[in-house]
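Residues per chain, in single letters:
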Amino acid sequence: MKVVRQIIPLLAIPLCLIASLFATAPWMRSFPASLAAAPLYGAAVLSVLVPFVTSRLRPGRLWLSITVDIVVFVVYALGVVLEDPLNVGDLWRGLYHGPSQVLTFALPLISPRSLMIAPALIVWAAGALAGECLARRWYTLLPYVGFLLAFGLAYAGTQRAAGSELPLARQHETVLATLLLLTLLVMRVAQAWVRQDETAESTQPDGVLPLRGLVVGTATTLVVAVVAALVVQTSAFPKTSAAPQRVPSIDSSRPLTPMSFIARMRPRTGGDAAQPVFTVTVDKAVPGYFPIANVDYYDGSGWSFNRTFRPSGGVLPADTDQLLAHGTTVTQQYHIASGPLTAGPWMPALYRPQKVTGAPINIDPASGMVVPVGTLTGGQNYTVRSTVSTATLTGLHSATAIPDTVAANDLLVQPTLESTVRKLANTFQIETKSQDALPLQFLQALQKDFRTNYTLSGAARGVATSTLTPSPSASSSSPSAPHSPRAAVVRALAKPTVHSSGAKHPKHGSGNTGKHPTKPPAKHPSGHQPTSSHTSAAPSTPAPSTPASASGPASDVAGGAGFSDVLASILGSRQGTPEQFATLVALVARSVGVPARVVTGFRVRSNGSTALQPGQYDVTTADAWTWAEIPIAGVGWVVVDATPGAYASSSPEKASVAPPPSTSSAPQSQNALVTQGNGGHAVTPKVHPPAASHASKYGVLVALLVALTILVIVLLLILVTRKPVRAARRRRAPDPRLRIVGAWRESMDVLTEAGLPELSSLTSAEIAELTAERFGADSAQSATTLGSAANAVTYSSATVVQPADADAAWQEHRLLRRQVLRTMTVRDRLATGLRYHRPRRRPTPSSPASWASATAARAEADKRSAGRHRSAGGRRRSH
């Protein structure tokens, strides 16, 4: 029991440090440990230790300690958190804008480093409050309230990081909260014990351990933790928020989708001049495909996506699918021309972006898409660093390459289209003579077949504006005339098609488009009211032509990505737009078990090849393009561009002006990202796509290991420095009398730690006798000298002590210490070094009324007396 009483007072500081680390641990869910562990855990430790140091130097000045806390935090934030000692602007931005950015920026919070300022401040405030209270021995509940508030704010600020692993995150949070409560409980017990020990009477020196309060507190803590764990892990605890919707909707503007944005960008006719879009400089060889967006959901009327774009400091996390996190790091520098990109919410960047500088962006970590916060401006420059896959479909070894099927949505084919798409795949397998081929080998053959035996449609130059472009050669030479056998196949396949009002995948919510003037909004399968209706075609889009007439000029109208348009164009006349070829390839790939998505952006060529070498390239509207991509394990997303290189008139593409590809009609999107009615960000219904959690499964274990490591380091520091600190505090007393008494008390502590019993109730003579018996006559002589000096200054108010006397006493103490250690074995010395005698409070001797003033007054009196004697002698000589 005596050992326990000696240990408990020593636990206050280590327990305070552990509690501070536990209160900091939730932040590691939103920040990567490699970035934030050192700054945040360092703030948790340093904030507790600084008040202890300050209170020892100037114990009575609270304002000074608070000032030191603030100054040290500012220096720490600039030097460690921001790693830029002169960047005061980022420090202010982190304090002012940091809380809102932490709650809205995409996870993980990697950049800018100012995002860590607000969490570091919360951690520092809680640690400094606890440190001040413990260092000054204020027996208050403020430290516990501070740690609980810091933990609560960290929990609230990082809750969205749980993602799909919410049940596992709740278990970790429950364990972490329980450990924090238990730590605070033991710290409270230690604090109560110190208070009791300090206020105990001399007749009750040992006090009583608060075991009853410890047991009751432990039981209460466990009950509260269990009840809280059961409550938060029930299904009724989390509530989903629903954004209110105006009826009628205030947003009636036309939707803008990436595919229609790119399709409308192309020149209307072959004679129209291409407009500059941007200039790009790459530092490594890359494929010449610069996407602005990727889409993965097809409902029969067109492609759409569901994305959650969050503000970002310009850094995207790596792909959560490690099988796709491969490629070459390529840096691109973009210069935006005063052209089409300044009127849309898109920005080109090679996939997959890692970091964007020079333009504020919003990101969707799941898909890797980046969009500008506003719109790009003419003359704007920005830089992108991307992980780029340089593999091509033709270069893949079909026998060893394995498609990555983790992304289930990229395998989705609408049930109403599944049988038809499967028939198409079988037809193309027969056409390409690859019935028994592997899926990738079949796609390679299909890409070659499309490029060789099919052509670009003339619809590329007019369908965006509902105009028709005659294609005489197509109508005269098409192999699928109205009465041909191929036309019959087209008619048979076109029957089960689905238009824009087709079924939706249950994981996707409908998007925001303009209200249809006649048809009311339809109900979403989830029960929410969508913000728009889905009609078979936009008012400005011409109706798709029938398959039977697809070979004539009317086939130009069938330029959209709707399923009937794709069948009418590609199967009916063996020609189509890039959007149609990409759609058909993606659907066929999915039907044979290969995930695929459609990507739209710009295809840049050099000397007729899409393999670009390092250098600068000018991109125009004639380079607007759409293609498909498939994920290959260990390689990344590979481009599948099956669009032919020749028009229906058999005129080859002119490389000098960049390819004049076709456009598609602008289908109604299910979820327009940008509209004119709300500043470029449409409000979509809340969806819950599957997303990997960024919270580490071992966060609690890492926090515990860090806490234990720091605890061991702190304990070692305490063991090494506690005795020198005690001696230095006594040796630096301003009164020489106190310094002599301090030397005697330090000697008594040394003798007790060396093995003598408690000496505080013995006289100096008795202490000298015990010292002589145990450590020899020399040690006893030094003890006698120190005891006599201490008795003189303690019990005699007439004794005048000079600073030299105090220095002599401390020199005698050092001699005593060396003599005692000289008589001990190595084992006894080690045991003595580990012991720490904690003396009871003793009355502090007070000096007589300012001994220094009395000495100064006596010296002044002697001076005046000498002056009078000299004056008297002078007068006598004058007589």
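Residues numbered from 1 in each chain as written. Predicted model: local features only at pLDDT ≥ 70, side-chain atom pairs only at ≥ 80, totals over all residues. Heavy atoms only, no water.

### Re the overall build of the protein chain
Okay, step 1: Looking only at helices and strands, the protein chain has 24 helices and 18 strands in total.
Okay, step 2: Every one of the 879 residues in the protein chain was classed for burial, and the buried ones make up 49%.
Okay, step 3: When contacts within the protein chain are restricted to residue pairs at least 6 apart in sequence, those whose partners lie at least 24 apart make up 78%.
Okay, step 4: Approximately 40,600 Å² of the protein chain is accessible, and the part contributed by carbon and sulfur atoms is 61%. (Helix = DSSP H or I, 4+ residues; strand = E, 2+ residues; numbered from the N terminus. Buried < 20%, exposed > 50% of the residue type's maximum accessible area, 1.4 Å probe, protein only. Contact = heavy atoms within 4.5 Å. Areas by Shrake-Rupley, 256 points an atom, 1.4 Å probe, with all protein chains shown as cover.)

### A word on the confidence of the model for the protein chain
Okay, step 1: Averaged over all residues, the pLDDT of the protein chain is 74; the fraction at 70 or higher stands at 68%.
Okay, step 2: This stretch, residues 200-207, has a pLDDT under 50; its non-local contacts, to residues over four places away or in other chains, come to seven contacts.
Okay, step 3: Across residues 650-697 the pLDDT falls below 50, and counting only partners more than four positions away or on other chains, this stretch makes 155 contacts in the model. (pLDDT = per-residue confidence, 0-100.)

### Quick look at the pattern of salt bridges
Okay, step 1: The tally for this structure, following the rule as stated, stands at 18 salt bridges.
Okay, step 2: Residue Arg 574 is joined to Glu 431 by a salt bridge in which the shortest nitrogen-to-oxygen separation is 3.9 Å. Of this pair, Arg 574 sits in the loop between helix H16 (563-573) and strand S13 (575-576) while Glu 431 sits in helix H12 (residues 415-431); the two residues are 143 residues apart in sequence, bridging distant segments of the chain.
Okay, step 3: Ionic pairing is found between Arg 730 and Asp 749, a salt bridge with its closest N-O pair at 2.8 Å. Of the two residues, Arg 730 sits in helix H18 (residues 699-731) while Asp 749 sits in helix H19 (residues 736-753), which places them 19 residues apart along the sequence.
Okay, step 4: Looking at Arg 730, the relative accessible area reads 15%, which means it is buried. (Salt bridge = Lys/Arg side-chain N within 4 Å of Asp/Glu carboxyl O.)

### Here we look at helix H11 (residues 258-265)
Okay, step 1: The buried fraction of H11 amounts to seven of the eight residues, a majority that puts the element mostly inside the structure.
Okay, step 2: Every buried residue belonging to H11 is among Pro 258, Met 259, Ser 260, Phe 261, Ile 262, Ala 263 and Met 265, and all of these are buried.

### Observations regarding a positive patch on the surface
Okay, step 1: On the surface, Arg 731, Arg 732, Arg 814, Arg 818, Arg 822 and Arg 829 cluster together to form a positively charged patch.
Okay, step 2: As for its position among the elements, Arg 731 is in helix H18.
Okay, step 3: When its relative accessible area of 33% is taken as the criterion, Arg 731 is described as partly exposed. (Patch = residues over 30% accessible without salt bridge, like charges linked within 9 Å, V, L, I, M, F, W, Y side chains within 5 Å. Lys, Arg positive; Asp, Glu negative; His and termini not counted. Charge placed at Lys NZ, Arg CZ, Asp CG, Glu CD.)

### Comments concerning the packing of H16 against helix H17 (residues 578-591)
Okay, step 1: The interhelical angle for the contact between H16 and H17, taken along N-to-C directions, is 105°, at an axis separation of 10 Å. As summarised for this structure, H16 and H17 are arranged roughly perpendicular, according to the angle between their axes. In this structure, H16 uses Phe 563, Asp 565, Val 566, Ser 569, Ile 570 and Leu 571 to contact H17, whose residues at the interface are Gln 580, Phe 581, Thr 583, Leu 584 and Leu 587. (Axes fitted to C-alpha atoms, helices over the stretch in contact; angles between N-to-C directions. Parallel < 35°, antiparallel > 145°, perpendicular 65-115°, else oblique.)

### Considerations on unusual backbone geometry
Okay, step 1: Residue Arg 352 is bonded to the preceding Tyr 351 through a cis peptide linkage, with omega at 5°.
Okay, step 2: Note on placement: Arg 352 falls in the loop between strand S7 (328-336) and strand S8 (353-357).
Okay, step 3: Backbone geometry at Glu 83 places phi at a positive 60°, although glycine is not the residue there.
Okay, step 4: Residue position: Glu 83 is located in the loop between helix H4 (62-81) and helix H5 (88-96).

### Looking at the packing of H5 against helix H7 (residues 117-135)
Okay, step 1: At a minimum axis separation of 7 Å, H5 and H7 run at an interaxial angle of 75°. Here H5 lies roughly perpendicular to H7, going by the angle between them. Here H5 contributes Leu 91, Gly 94 and Leu 95 to the contact with H7, which in turn contributes Ile 117, Ala 118 and Leu 121.

### Brief notes about empty space enclosed by the protein
Okay, step 1: The tally for this structure, following the rule as stated, stands at four cavities of 30 Å³ or more.
Okay, step 2: The calculated volume of the largest cavity comes to roughly 120 Å³.
Okay, step 3: Along the wall of the largest cavity there are 15 residues; nearest its centre are Pro 291, Asn 294, Ala 349, Tyr 351 and Gly 368.
Okay, step 4: When contributions to the lining of the largest cavity are tallied by element, the ones reaching two or more residues are strand S3 (289-295), strand S10 (369-372) and strand S14 (597-603).
Okay, step 5: With four residues, S3 is the single largest residue contributor to the lining of the largest cavity. (1 Å grid on protein atoms, 1.4 Å probe; cavity = no way out; pocket = protein on both sides within 12 Å on 5 of 7 lines; lining within 4 Å. Points joined across faces, edges and corners; volume = space filled by probe spheres on them.)

### Structural notes on the sheet that holds strand S17 (residues 624-632)
Okay, step 1: With antiparallel pairing, the four strands of this open sheet are ordered in space as S3-S14-S17-S18. Edge positions in the sheet fall to S3 and strand S18 (636-640), since each of these pairs with one other strand and no more. Taken over all neighbouring pairs, the strand axes of this sheet differ in orientation by 40° on average, direction set aside.
Okay, step 2: Both S14 and S17 contribute to a ladder of six bridges, which runs antiparallel. Residue pairing in the sheet places Gly 601 in a bridge with Trp 625 of S17.
Okay, step 3: Sheet strands in contact with H11 are S3, S14 and S17, and its direction is about 30° off that of S14.
Okay, step 4: Seen against the sheet, H17 touches S14, S17 and S18 and runs at an angle of roughly 15° to S17. (Pairing = 2+ DSSP bridges.)

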